[in-house]
Amino acid sequence: MNNPLPPAEELVLIDRELIQLDARRHFLLSRRAWLLGAQAPHAWGAPARPSAPAQGTEASAPGAQNVLLALGAVLLAVAALAFTLVSWGSLGIAGRSAVLAAVTAAALGAPVALLRRGLRSTAEAVAAVGLLLTVLDAYALHAVGMPEVDGTAYAAGAAAVLAAGWAAYGWTPAARALRAPLPAALLTAQLPLPLAALAGGATGPELGWALLATAALDAGLALLRPGRWSSWAGAAGSVAGGAALLTGLAESVAAESAGAALGPSALLAAVAVLAVAVAWRTSLMPVAFAVAGALAAVAAVGGLAAPELRPPWAAVGYLVVALPLLGTLRVSALPEPVRRGLALAGAGVAVLEAVTALTWVATVLLGRLRVLEEVWSVTTPAATPAAAAGNGPGLAPLVALLLTAGAAWWLVRVLPGRREPGVAAVVLGWAALFTAPVVLDPAPAPGAVFAAQLAVTLAAGALALRSGATASAGAPEEATAAAGGSPAGTTPAGDGTPAGAGRGLAGIAAGACALAGALSVSVAALDGRLATFGVLGLLGAACAAGAAYRPAPAWARAGAAALTVGYAALLAVALGALLERPVAWWAPAVLVVPAAVAALGPRLGPLRVPAEVAAAAAGLLAVALATGDAPVLSLVLALAGVVCAAAAVRPERRSAAGWPAGALFLAATWVRLAASEVTVPEAYTLPVTAAALAVGFLRRRRDPLAGSWTAYGPGLAATLLPSTLAVWGDPHWLRPLLLGTAALGVTLAGARGRLRAPLLLGGATLAAVALHELTPYVVQVVDALPRWLPPALAGVLLLVVGATYEKRLRDARRLREAIGRLR
């Protein structure tokens, strides 16, 4: 060790510091002794502050104590059970009584002494054992002294006696500090009335009344004697009341007549009264109690008429009873939680019925897809006429939709700051009006059905366009409201919801409804020629008018523009079918639509992008139609390439349309060669490649920043790709040799010039040729190998790759970076 001090001076310094450390240690030891002496007189006077567990321990001292006490109580309980069930018969009647009395008295008296000594946890454990012993006493009394008494009736009486005894024990001044007796008494008090009802042979309603009476007693205890055990009473009463409610619902649903439903309805009405009364008085979950009471009331009233109605109309009956609950929002005399709970219950029933009705609407509309099985067969569109007497399944969901739509519209007026009612009103109203012509009995004429549904669809579209315009125009009004003291962009309700946001969301819902209606009517119109052209033309014109409506929101105009292009393409398909031309020859007519969109170009303004996307989809439709005829497919691909090339003339579309144009031209060439059964495609592709490479070379000389894919990619692909495909069908050696040599030259040229397109295209072609040449030998080797060897080699390969995974990732990143540096 190197130290600048001489050894003698360093020894003096060390001795001095050791003396200081000894003095400090002596002071700390003296202070510790004084603190221990000062703390000793107060060790039993006040409980010491709980200390944190020492470092390295996993449980605190109180936690370990509670575990030990719980285990001790469990062991004592097991011993008591074993004694009662096994060793009971070895004692006489006097011995049995003496043992049970002594043990029970000791178990119930010991906690009092333990509490006086401050051992509360031990007292709680012993008290729990004492309560269990009282249960065993009751069992023993029945088994020995009263075996002839019915077990259920005895259990009811024993539960009542035990509950009263435990409550008296818990309320005594000496044992009041114990936490177990009173909750145990409260929980045991839930059993006497239901057990007594079962012992008396009670059926469903009688058992429900017993449960309800128990819940009422619990509610009275929780509300009239609030304290630390009121939460236990409330929880027990909620369980008993819920059981009574479920019992009443089950009996009401099973009732076969209005007379049989009177009993369950009376029980449900009593449950409703109790639940609402609790909601009125309690501060603990009053909304939940109000919801339960309202649902019970709906079931009570609706259950009287349900047995006399068919199931769809019975659901409507429950809805009619539930909707007036929404009116409680205007009843200021009711407490706010009660009003909210009642309204939520009514809204819940309405939502459930609305979802059921909308599912039925979807089923009806999806049935129209059967028209696609036989287009232009001049059959009547699918209908679901209502049954006689107005009780059929067709009209009941329709009535439910109208009722729920009206209720949602009323909520829009009552709750101006909420968006959901407006959306629900639009969707439900559209569903009701759109399906009404389909389900009427007698069914209207097909023309009338189309007219009505087109009118509803156009009305929904107009609402979507106008709602956006209204929401936009509402901004100055919001600013005026803000100047008057309200926050800008909020409703008078003051909940922070933008004033136009609700209308905008309802407009989106109306647009979705209009789209669904347009699709449904369009499918149904395929039933006849005149209907097809009339519906498609009318909807296309309506979409064009919507796209041209400038006050409409951007999303609505964009969707209308895309639909306009789509309907134009569908009209072209229908025209081809009308002319009875082969399906493949429908495609050129469809390509007229993308050509028109490309010609309009910038004049479309903000509608250009959605129109071009729809035009691209129309182009894909044209290609799909022409796939059955190779020469026509080649023509369609070439025409599509011309459309893309015309669009690429504009600078802003050069990158988006240029590559598709080149790909389409190449595809058209290959399809044409394949259709003509050309076996030497190089005779046609090499001139194109030479010309394209010359143009690319000149482009690179004029613009050194131009990429190799733009300059050389199309020209090289024009020959390399079809020649590679031809190699795999050529059994001779000359073509693979020539193509491999050319690919090698292209690859080396790309590597020398650091050009990405020649390097990748040439390398891929060279690899394909090499794989073609090695394939026969690989097959022979694989046939000669044992069957177990390929899986084994694959497993070894996976293990090696997994072990060197990180290194492979680094190599892949380096390869990607190297390719990225190429031009």
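Residues numbered from 1 in each chain as written. Predicted model: local features only at pLDDT ≥ 70, side-chain atom pairs only at ≥ 80, totals over all residues. Heavy atoms only, no water.

Engineer: Which residues make up the confidence of the model for the protein, and what values go with them?
Structural biologist: Reading fine detail from the predicted coordinates is not recommended where pLDDT is low. When the pLDDT values of the protein are averaged, the result is 79; 80% of them are 70 or greater. Looking over the protein, one finds the lowest element-wise mean pLDDT in helix α2 (residues 61–85), namely 52, and the highest in helix α21 (residues 608–625), namely 93. When the criterion is pLDDT under 50, residues 380–392 qualifies, and its contacts beyond four places in sequence or with other chains add up to 25 contacts. Low pLDDT (under 50) marks residues 472–499, which in the prediction has 26 contacts with non-local residues, meaning those over four places away or in another chain. (pLDDT = per-residue confidence, 0-100. Helix = DSSP H or I, 4+ residues; strand = E, 2+ residues; numbered from the N terminus. Contact = heavy atoms within 4.5 Å.)

Engineer: Describe the packing of aromatic side chains, naming the residues involved and giving the relevant values.
Structural biologist: Across all of its chains, the model carries one aromatic pair by this definition. Measuring from centroid to centroid gives 5.1 Å for Trp430 and Phe434, while their planes differ by 25°, and the two rings are stacked. One end of the pair, Trp430, and the other, Phe434, are both in helix α15 (residues 420–439), four residues apart, so they sit about a helical turn from each other. Overall, Phe434 belongs to the buried group, its relative accessible area being 0%. (Phe/Tyr/Trp six-rings, centres within 6.5 Å; stacked < 30°, edge-to-face > 60°. Buried < 20%, exposed > 50% of the residue type's maximum accessible area, 1.4 Å probe, protein only.)

Engineer: If you had to explain helix α8 (residues 204–224) to someone new, which residues and values would you point to?
Structural biologist: Residues separated by three or four positions in an α-helix point in the same direction, a consequence of the helix having 3.6 residues per turn. The terminal C-alpha atoms of α8 lie 30 Å apart, and with 21 residues this matches the ideal 30 Å at 1.5 Å per residue to within 8%. Among all positions in α8, only Gly204, Pro205, Gly208, Ala210, Leu211, Leu212, Thr214, Ala215, Asp218, Ala219 and Ala222 are buried. Contact partners of the buried residues in α8: α6 (181–188), α7 (192–199), α9 (230–254) and α10 (262–281). (Expected span 1.5 Å × (residues − 1).)

Engineer: Break down unusual backbone geometry for me, with residues and values.
Structural biologist: Apart from glycine, the bulk of residues carry a negative phi angle, and the bulk of peptide bonds sit in the trans form. Positive phi values are uncommon outside glycine, yet Glu580 reaches one of about 55°. Looking at the secondary structure, you find Glu580 in the loop between α19 (554–578) and α20 (587–600). Overall, Glu580 belongs to the exposed group, its relative accessible area being 69%. At Arg754, a position not held by glycine, the phi torsion is positive, near 55°. Tracing the sequence through the fold places Arg754 in the loop between α26 (734–753) and α27 (756–784). Owing to a relative accessible area of 44%, Arg754 belongs among the partly exposed residues under this scheme.

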